[in-house]
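Topology and contacts: notes
So you can see what is in the structure, the chains are spelled out below.
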Amino acid sequence: MGEQLKGRPRLGEKILKGAFFCCASISVVTTIVVICILAFETYGFFVEIPITDFLFGTEWTPLLQPKSYGILPLLCGTLMIVVGSSIVALPVGIASAVYLSEYASDRVRNIVKPVLEILAGIPTVVYGFFALTFITPMLQSIFESTHVFNAASAAIVVGIMVLPMVASMCDDALQSVPDSLREGAYSLGATSFEVTIRIVLPAALSGIFASFVLAISRAIGETMAVTLAAGATPNFTLNPLESIQTMTAYIVQVSLGDTPAGTLTYKTLFAVAAVLFTLTLLLNLTASSVMRRFKETYE
């Protein structure tokens, strides 16, 4: 009887270990399958279209005649959204986190932080209509040449979307800095501003950088709000007041069901997705390297 009781926990432990292993394996297997599908379909695209024309071409018209498959307009549009949203979200997000962590009272913090996090729960399509009905008219009142669909409006609304992520993660990173570091700086005569800038922010640098990377990754992959606000015109331009198209917006456009499977236009989906996947992967690898370099541990 005693041996049976001892054996049951061991059997249950083995079952749990097996279940946990299966759950952990799902993400690995899914990633491998996605990479294989992208690689296979992208190879079929490059069999027909030279990779140099794809990577360095300045015209993207796979749905029109004459057809052209240069991805630079889509890449440029995506980068405009990423840069613009970063200009909006990163400074405001880290400033909000510094205020909540270092200066706000508990009462103010308990009110402001939940309100910030509510923004993350708003559907992206609502942000897209907000850009069309509020941000774009505001920009048109300032710049008369602003198009109805434009990159600036999309970048601003995407920046608002990722702002709660930056503020919340930066706040958590600042809160994790031990109070002993702050108290030591204050004992040496440092002001509150000096403690924040020279002690707290450098100590939380890895967490802050992680929030920046996640925000940029979210901006790269944003689809619905960008599609509604920026339009579907693949212009190779740096003018944020003109209509553009991002890589994700093009994938949505072609994925609506009007393009026959197996055609060259259909394969452009996977070629564009492969570029998007590669950019995100390189960003995450760079972020991991930087975070390992500046990671701080406290006991």
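Each value, and the rule that gives it
- Residues numbered from 1 in each chain as written.
- Predicted model: local features only at pLDDT ≥ 70, side-chain atom pairs only at ≥ 80, totals over all residues.
- Heavy atoms only, no water.
- Helix = DSSP H or I, 4+ residues; strand = E, 2+ residues; numbered from the N terminus.
- Rg over C-alpha atoms; globule rule 2.2 N^0.38 Å.
- Buried < 20%, exposed > 50% of the residue type's maximum accessible area, 1.4 Å probe, protein only.
- Contact = heavy atoms within 4.5 Å.
- Areas by Shrake-Rupley, 256 points an atom, 1.4 Å probe, with all protein chains shown as cover.
- Lys, Arg positive; Asp, Glu negative; His and termini not counted.
- Charge placed at Lys NZ, Arg CZ, Asp CG, Glu CD.
- Salt bridge = Lys/Arg side-chain N within 4 Å of Asp/Glu carboxyl O.
- pLDDT = per-residue confidence, 0-100.
- Phe/Tyr/Trp six-rings, centres within 6.5 Å; stacked < 30°, edge-to-face > 60°.
- Axes fitted to C-alpha atoms, helices over the stretch in contact; angles between N-to-C directions.
- Parallel < 35°, antiparallel > 145°, perpendicular 65-115°, else oblique.
- Left-handed = near helix turned anticlockwise from the far one by under 90°.
- Nonpolar A, V, L, I, M, F, W, Y, C, P; charged D, E, K, R; others polar.

Counting its regular elements, the chain contains twelve helices and zero strands. Computed over the C-alpha atoms, the radius of gyration of the chain is 24 Å, more than 25% above the 19 Å expected from 2.2 N^0.38 for a compact globule of 299 residues. Per-residue burial for the chain yields a buried fraction of 38% across its 299 residues. Partitioning the intrachain contacts of the chain with sequence separation of at least 6 by distance along the chain shows that 71% fall at a separation of at least 24. With the model as given, the accessible surface of the chain reaches about 16800 Å², and the carbon-plus-sulfur share is 68%. Within the chain, one finds 16 positive and 20 negative side-chain charges whose respective centroids are separated by 13 Å.

Attention shifts here to the pattern of salt bridges. Here the structure, examined in full by the defined rule, presents eight salt bridges. Here Arg182 ties to Glu102 by a salt bridge, and the two come within 2.8 Å at their closest N and O atoms. Of the two residues, Arg182 is situated in helix α7 (residues 179-187) and Glu102 in helix α3 (residues 72-103); the sequence distance between them amounts to 80 residues. Neither residue differs from the other here; Arg182 and Glu102 are each classed as buried. The shortest N-O distance in the salt bridge between Lys113 and Asp171 comes to 2.8 Å. Here the residue Lys113 occupies a position in helix α4 (residues 106-118), and Asp171 occupies one in helix α6 (residues 151-175), the gap between them amounting to 58 residues. The exposure class assigned to Lys113 is buried, which follows from its relative accessible area of 15%. For Asp171, a relative accessible area of 0% translates into the label buried. Salt bridges here are not isolated pairs; linked through shared partners, they connect Arg109, Lys113, Asp171 and Asp172.

Another aspect to go through is the confidence of the model for the chain. When the pLDDT values of the chain are averaged, the result is 85; 95% of them are 70 or greater. Averaged pLDDT values over the elements of the chain bottom out at 81 in helix α1 (residues 2-48) and peak at 91 in α3.

With respect to the helices and strands, Ala210 occurs in helix α9 (residues 205-221). Overall, Ala210 belongs to the buried group, its relative accessible area being 17%. Considering only alpha carbons, one finds Ala210 and Tyr99, 111 residues apart in sequence, at a separation of 19 Å.

Here the focus is the packing of aromatic side chains. Scanning the model with the defined rule gives nine aromatic pairs in all. Judged by centre distance (5.4 Å) and plane angle (70°), the rings of Phe45 and Phe54 are edge-to-face. Given a relative accessible area of 0%, Phe54 falls into the buried group. Considering the side-chain rings of Phe130 and Phe134, the 5.3 Å spacing of their centres and the 20° angle between planes classify their relative orientation as stacked. Of this pair, Phe130 and Phe134 are both found in helix α5 (residues 124-142), four residues apart, which corresponds to roughly one turn of the helix. According to the relative accessible area criterion, Phe134 is partly exposed, its value standing at 46%.

A word on the packing of α6 against α9. Across the interface, α6 lies against α9 with an axial gap of 8 Å and an inter-helix angle of 160°. When the axes of α6 and α9 are compared, the pair comes out roughly antiparallel. By crossing handedness, the relation of α6 to α9 is classed as right-handed. Here α6 contributes Val158, Met161, Val162, Met165, Val166, Met169, Cys170, Ala173 and Leu174 to the contact with α9, which in turn contributes Gly207, Ile208, Ala210, Ser211, Phe212, Leu214, Ala215, Arg218 and Ala219. Class assignment of the residues belonging to the contact of α6 with α9 gives a composition of 15 nonpolar, two polar and one charged.

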